[in-house]
Every structure is written in structure tokens, then in C-alpha cells.
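Below are the chains, spelled out letter by letter.
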Amino acid sequence: MPELPEVETVARQLAPLLAGRRVRALQILDQRLAGQSWPDLSGYYIATVERCGKRVAIALTRRRNTPPQRWLCVHLRMTGRLIWVAQTRGATADERHLRARLDLHGGSLLFYDARRFGTLELCDAHPLGAEKGQDPLSPALTALALGELLAGSRQELKPWLMRQDRLAGIGNIYASEILFLAGINPQRPAGALDTAEVAALLCATRTVLRKAIKHCGTTFSDFQDSSGEMGGFQRFLKVYGRAGQPCRRCRGKIERIMQGQRSTFYCPACQPLPLKPRRGRR
DNA sequence: ACCCTCCTGTCA
DNA sequence: TGACAGGAGGGT
């Protein structure tokens, strides 16, 4: 379930629950995660919980009110979930996909992951420094800066938007939604947008992501104590998952195509290809 | 620019 | 049974 808005939601909700608590132990239950050597984290305090691209970064400090020295970084990939359970009630309901657990004083953070694509890593520096792509919500990303990132790329725009080394955080759902709002065809070459289109793309990106964050993302189960709850953005989806259904704007038919082995949803009428190939060089 | 792969689950 | 799933890294 993880794209930027979902991860942001997880981080925001976990932060007040975890901050200030002290680590009892980190238990790695899945061999796939045990690859790296895991030092003993007991005694560390949790300083903050932040989102970094699509990662949740849990900042750890040896002593309260001192800068963090280590960061436990979780990437949820397709099916990862972080679930907070207060106290250590007896047996947890579903142990089936439990891959790791961070036991704290007062509760446990459980990492579930059915497909086991998710990752856990311990960093010795703030993970923001290792993040190659820019945060789409950062004020540093101006239309000019976005234009420079796009310039020269012949990659199709929708797969380009999902490149984490350019913009960090956009995934398959929001890439389609953003392009619909911007009125830009997903198959346009990324480097061929004119300045007005770049501005529209940036505006749509911010609008969609902010609104999704406001509604706690699209579909996912709550991590308070595993009461399954849908992210509120589900009902605002304009194109994703709506192939064959009428466009909410023009009543035309939403199409589904494959780009780089991933589904793309769009409205051919609202997101037309330009008649003439654009001036865009290169 | 394409392909496959990592894994498991769900749905037509 | 096969297609597909919110991700990403590898290879050619």
C-alpha cells in the first residue's frame, strides 16, 4: 500500500505513538531480512518517525534529547504494513506474515509483509542524504527545477513519474491520477513538455498528493490495533482501476494500457496526444 | 526501451 | 489456471 501519501500517513500516525519510547529489542523473524548484521538496539530511544521518499525512517538516539545516531528505515514495497500494538497483550491475532517486530516499552511495532518484498535497514546517517530523488512536496521543487529534471528524457511520462531517482514517492496509483488532473497523456515523452505543461504537471502532483495525505491515503488497514480501515482517498480516484468506466469529467471511456509492465489508466479524451509532435528536440 | 525476478495472495 | 497486484533492482 505504499506510495508517498500512505507512507506519510503511517509516519505521521506512528510518530506520536513511538516518540520518546525506549527499545527493548528488535526481532527479525524473516530470514530474508536477516541478511545484514543487526546490532543490539536495546536501550535506544525513538526520537522521531519521518517519511523519506517511500521509506519510514525511525530515528534512534542513545540518550534523550540528543541528535539521533541511527535510523531504522522501513520500505513497505507492495504489501508491507506497520502495526502498533499497545502493551504486549497475549498472542497477537495473525502471526502469519509477521516478518519483524520492534519491541518497545509500552508496546510493539509489528512489521507484516505478505509478499516479503519489504526491506528493513539500519542507517548510520539520515536517510534523506541517500535519497536520490527530490521530494515532490518540497518547496525546492519549482516548475523550473522540474523542467530541468524532465529535460532530455525520451522516457514515457508516466513511467518517468515513478522513477524514484527523479522524484521520490510517486507510485502507480498517483502517477495515473496526477496525469489525469494535469490533462497530459501518459505516453508523452517526458522531455517534450512545454513550460505550461510542466507547470500543470507540478501543480497536479502537489494537489493530488496533498489531497491524498489529507484523506490518509488510498486503502489500507489501520495500524492502531488492526481494525481494517480504508484510506479515504479511494473515493476520489478519477482513473485508477476504472478501465471501461465513464470518465468523471467527460463521460468518455477510461482506458487501461501497459507501460513498463505496469497498468496505466487514463482518459484519451481528457488526456489527448498532441496532433503534431511537439517541438521538443532531442 | 524492454524483459525478468523477487514473493504470496486474490480474483475472474 | 492464469492474470494481476500499491515496488524496485537487475540484466540485455
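For the structure itself, look to the data block above.
Residues numbered from 1 in each chain as written. Chains lettered and ligands numbered in written order. Predicted model: local features only at pLDDT ≥ 70, side-chain atom pairs only at ≥ 80, totals over all residues. Heavy atoms only, no water.

Draft legend 1. Looking closely at the protein's contact with DNA strand C. Close to DNA strand C lie 20 residues; K54, T218, Y240, R262 and S263 are nearest. Per the 4 Å cut-off to the protein, sugar and phosphate atoms form 60% of the nearby atoms of DNA strand C. H75 has a polar side-chain atom sitting 2.9 Å from a phosphate oxygen of DNA strand C. R77 places a side-chain nitrogen or oxygen 3.3 Å from a base nitrogen of DNA strand C. Elements with a contribution of two residues or more to the surface near DNA strand C: α4 (172–182) and β10 (262–266). (Near = heavy atom within 4 Å. Polar contact = N/O pair within 3.5 Å; in protein donor to acceptor, adjacent residues only side chain to side chain. Helix = DSSP H or I, 4+ residues; strand = E, 2+ residues; numbered from the N terminus.)

Draft legend 2. Geometry of the pairing of strand β9 (residues 255–259). Here β9 runs beside β10; their pairing, made up of five bridges, is antiparallel. Its bridge partner being in β10, Q259 is matched across the sheet by R262. Once β9 ends, the chain turns through two residues before running back antiparallel as β10, passing G260 with a positive phi of about 55 degrees. (Pairing = 2+ DSSP bridges.)

Draft legend 3. View of helix α2 (residues 143–150). Taken as a whole, α2 has its buried residues at A145, L146 and L150. Angularly, the buried residues of α2 cover 140 degrees about the axis, an arc narrow enough to put them on a single face. Residues of α2 that are exposed and angled more than 90 degrees away from the buried face: L144 and E148. Check the buried side of α2 and you find it contacts α3 (157–161) and α5 (195–214). Directly beyond the C-terminal end of α2, a positive phi value near 85 degrees is found at G152. (Buried < 20%, exposed > 50% of the residue type's maximum accessible area, 1.4 Å probe, protein only. Arc of directions from axis to C-beta. Contact = heavy atoms within 4.5 Å.)

Draft legend 4. Looking closely at the nonpolar core. If you look at the biggest cluster of nonpolar residues, it comprises 30 residues, and the most contacted ones within it are L146, L150, L157, L161, Y174, I178 and L201. Those elements that provide at least two residues to this core are α2, α3, α4 and α5. For this core, the element with the highest residue contribution is α5, accounting for eight residues. What L201 contacts, discounting residues up to four positions off in sequence, is L146, L150, L157, L161, I178, L179, A182, I184 and L193. Core analysis: the next-biggest nonpolar cluster, separate from the first, contains 28 residues, L60, L72, L104 and F111 among them. (Core = buried A, V, L, I, M, F, W, Y, C linked by side-chain atoms within 4.5 Å.)

Draft legend 5. Representation of helix α1 (residues 4–18) in the model. Compared with the 21 Å implied by 1.5 Å per residue over 15 residues, the 20 Å span of α1 between its first and last C-alpha is a close match. Residues L4, P5, E6, V7, E8, T9, V10, A11, L14, A15 and L18 constitute the buried set of α1. Looking one or two residues beyond α1, the residue adopting positive phi is G20, at roughly 90 degrees. (Expected span 1.5 Å × (residues − 1).)

Draft legend 6. Structural view of empty space enclosed by the protein. Under the criterion given, the structure shown has one cavity of 30 Å³ or more. Every residue along the wall of the largest cavity is listed here: L26, I58, L72, V74, L82, A100, R101, L102, L109, F111 and L120. Where the lining of the largest cavity is concerned, the elements lending two or more residues are β4 (70–75), β6 (98–104) and β7 (107–113). Among the elements that line the lining of the largest cavity, the one with the most residues is β6, at three residues. Of the residues belonging to the lining of the largest cavity, the class tally is ten nonpolar, no polar and one charged. (1 Å grid on protein atoms, 1.4 Å probe; cavity = no way out; pocket = protein on both sides within 12 Å on 5 of 7 lines; lining within 4 Å. Points joined across faces, edges and corners; volume = space filled by probe spheres on them. Nonpolar A, V, L, I, M, F, W, Y, C, P; charged D, E, K, R; others polar.)

Draft legend 7. Structural detail: the state of the cysteines. Across all of its chains, the model carries zero disulfides by this definition. C123 takes part in no disulfide bond, and the closest cysteine sulfur to it belongs to C73, at a distance of 3.6 Å. (Disulfide = S-S within 2.5 Å.)

Draft legend 8. Spatial organisation of the pattern of salt bridges. Going through the model one piece at a time under the given rule, you end up with eleven salt bridges. Put simply, E8 and R51 hold a salt bridge, and the shortest N to O gap is 2.5 Å. Here E8 is found in helix α1, whereas its partner R51 is found in strand β2 (residues 45–52), with 43 residues between them in sequence. When sorted by exposure, E8 lands in the same class as R51, which is buried. One salt bridge in this structure joins R70 and D124, with 3.5 Å as the shortest N-O distance. On the criterion of sequence distance, the pair formed by R70 in strand β4 and D124 in the loop between β8 (119–123) and α2 is long-range, its members being 54 residues apart. Look at the salt bridges and you will find they share partners, linking E8, R12, R51 and D135 into a network. (Salt bridge = Lys/Arg side-chain N within 4 Å of Asp/Glu carboxyl O.)

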